[in-house]
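What the coordinates show
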Amino acid sequence: GSVEGLLLRLPGSAQGLADHKEGAISGLYVAFEASVEPSRGGAPVKARVYRAAPDRRLPAEARPSPGFLEVLVKGARAWGLSPGWISRLEALKQG
């Protein structure tokens, strides 16, 4: 599937901090490289992204916590993500 989000350019010296904040240091998440397509067009760019470590994933899909969803929706609005994406996030809050 695809997701919308914010792509930030960080200096190489910030990688350790990003890994720590995203849970890669503790083993909760695994960092990997992905090709990201900018929503406003242009060539795909390589990005460092994070996903739950295989042994930390739930056995079935689960809804994110209400607090986490609220942060996602606020951030999506603040950064101008598409109305369709914001609607998808808000629908998760409804269950």
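Please refer to the structure higher up on the page.
Now for a description of the structure that goes with this document. A quick note: this is a predicted structure, and the numbers were derived from the prediction, not measured.

1. What about the overall build of the chain?
Within the chain one finds three helices and two strands. Along the longest, intermediate and shortest principal axes, the C-alpha atoms of the chain span 40 × 35 × 20 Å. Scored against the burial criterion, the 95 residues of the chain give a buried share of 15%. When contacts within the chain are restricted to residue pairs at least 6 apart in sequence, those whose partners lie at least 24 apart make up 39%. Approximately 7,700 Å² of the chain is accessible, and the part contributed by carbon and sulfur atoms is 56%. Placing the 13 positive and 9 negative side-chain charges of the chain at their respective mean positions leaves the two points 2 Å apart.

2. Points about the pattern of salt bridges
Tallied over the entire structure, the rule returns four salt bridges. Residue Arg48 pairs with Asp19 through a salt bridge whose shortest N-O separation is 2.9 Å. Note that Arg48 is positioned in strand β2 (residues 45-52) and Asp19 in helix α1 (residues 15-21), a separation of 29 residues in sequence. Its relative accessible area of 42% is what places Arg48 among the partly exposed residues. Among the salt bridges present, the one from Glu70 reaches Lys93, with a minimum N-O distance of 3.0 Å. Linking Glu70 in helix α2 (residues 66-78) with Lys93 in helix α3 (residues 83-94), this pair joins segments that are 23 residues apart in sequence. Taking the relative accessible area as the measure of exposure, Lys93 reaches 33% and is therefore partly exposed.

3. Examining the nonpolar core
Val73, Ala76, Leu81, Trp85, Ile86 and Leu89 together form the largest nonpolar core, which totals six residues. If you tally residues by element for this core, the top one is α3, at three residues. Sequence-distant contacts of Leu89, defined by excluding residues within four places in its chain, comprise Leu69, Leu72, Val73 and Ala76.

Rules of the game
Residues numbered from 1 in each chain as written. Predicted model: local features only at pLDDT ≥ 70, side-chain atom pairs only at ≥ 80, totals over all residues. Heavy atoms only, no water. Helix = DSSP H or I, 4+ residues; strand = E, 2+ residues; numbered from the N terminus. Buried < 20%, exposed > 50% of the residue type's maximum accessible area, 1.4 Å probe, protein only. Contact = heavy atoms within 4.5 Å. Areas by Shrake-Rupley, 256 points an atom, 1.4 Å probe, with all protein chains shown as cover. Lys, Arg positive; Asp, Glu negative; His and termini not counted. Charge placed at Lys NZ, Arg CZ, Asp CG, Glu CD. Salt bridge = Lys/Arg side-chain N within 4 Å of Asp/Glu carboxyl O. Core = buried A, V, L, I, M, F, W, Y, C linked by side-chain atoms within 4.5 Å.

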